[in-house]
Amino acid sequence: MASAPTTAGAPVRRLTVLYDAECSLCTHVRDWLLRQPRLVPLELVPAGSEEARRRFPGLDHSVTLDEVTAVGDAGQVFRGAAAWIVVLWALREHRALAHRLSTPTGAWLARGAVLAAAKWRGGQRQWGGTGYRRADGWAYEPGRGWIYIEPGCDDGTCATR
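Residues numbered from 1 in each chain as written. Predicted model: local features only at pLDDT ≥ 70, side-chain atom pairs only at ≥ 80, totals over all residues. Heavy atoms only, no water.

Draft legend 1. Structural view of the overall build of the protein. Looking only at helices and strands, the protein has six helices and seven strands in total. Going from N to C terminus, the protein has its helices and strands arranged as β-α-β-α-α-β-β-α-α-α-β-β-β. The buried share of the protein, taken over its 161 residues, is 37%. Contacts spanning at least 24 positions in sequence make up 57% of the contacts within the protein whose residues lie at least 6 apart. When the accessible surface of the protein is split by element, carbon and sulfur atoms take 56% of a total near 10,000 Å². (Helix = DSSP H or I, 4+ residues; strand = E, 2+ residues; numbered from the N terminus. Buried < 20%, exposed > 50% of the residue type's maximum accessible area, 1.4 Å probe, protein only. Contact = heavy atoms within 4.5 Å. Areas by Shrake-Rupley, 256 points an atom, 1.4 Å probe, with all protein chains shown as cover.)

Have a look at this one:
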């Protein structure tokens, strides 16, 4: 029986960053990343999109909507603080910072920054104590996390058979 292929130790030559296209903070960071000189090519793809699902069928796409995810060209998957560190590593002017953040103390700081961003995003999602609903059917509900809500016909826009 063959063992599963591993990406441990594989060099990263290209990164795809999955981001929430409906989050103002996420799109701001995406725009900033697009302006940065890069040492490693970056592609930015909306999380949960058809493109993301086509490229990465093995990913849990509901998780990528909740947590920044970077995928290396050899299939490496980085989430949360590790994703931010590897994305900074890909940028010419921020590689030294990425090396500092990859230390135990730096990783603690990176995790704090990611948690602060998540808390800010969570506050933006809230409206009168309810959850955050995306146009593609995904919704964030406090206490439940991300769920998919099948579109209904309540607004009368469904075609009849």
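Draft legend 2. Representation of helix α4 (residues 80–90) within the structure. Burial analysis of α4 places eight of its eleven residues in the buried class, which makes it a mostly covered element. Burial in α4 covers these residues: Gly80, Ala81, Ala83, Ile85, Val86, Val87, Leu88 and Ala90.

Draft legend 3. Here's a closer look at the pattern of salt bridges. The final tally for this structure, using the stated rule, is five salt bridges. In this structure, the salt-bridge partner of Glu43 is Arg14, at a minimum N-O distance of 3.8 Å. Here Arg14 lies in the segment before β1 (15–19) and Glu43 lies in strand β2 (residues 42–46), a separation of 29 residues in the sequence. Put simply, Arg30 and Asp31 hold a salt bridge, and the shortest N to O gap is 2.8 Å. Ionic contacts of the salt-bridge type, sharing partners, join the residues Arg14, Glu43, Glu51, Arg54 and Arg55 into one network. (Salt bridge = Lys/Arg side-chain N within 4 Å of Asp/Glu carboxyl O.)

Draft legend 4. Region of interest: the nonpolar core. Counting 24 residues, the largest nonpolar core has Leu15, Val17, Leu33, Leu42, Ala70 and Val87 as the members making the most contacts within it. Going through the elements one at a time, β1, α1 (24–35), β2, α4 and α5 (95–101) are the ones with two or more residues in this core. Here the element with the most residues in this core is α4; it accounts for seven residues. When residues no more than four places from it in sequence are discounted, the contact partners of Ala70 are Leu15, Thr16, Val17, Gln76, Val77, Phe78, Ala83, Val86 and Val87. Judged by nonpolar contacts, the second largest core, of ten residues, contains Leu18, Val45, Phe56 and Leu65. (Core = buried A, V, L, I, M, F, W, Y, C linked by side-chain atoms within 4.5 Å.)

Draft legend 5. Quick peek at the packing of aromatic side chains. Tallied over the entire structure, the rule returns zero aromatic pairs. Taking NZ or CZ as reference, Arg95 lies 4.0 Å from the ring centre of Trp89, over its face. (Phe/Tyr/Trp six-rings, centres within 6.5 Å; stacked < 30°, edge-to-face > 60°. Lys NZ or Arg CZ within 6 Å of the ring centre and 35° of its normal.)

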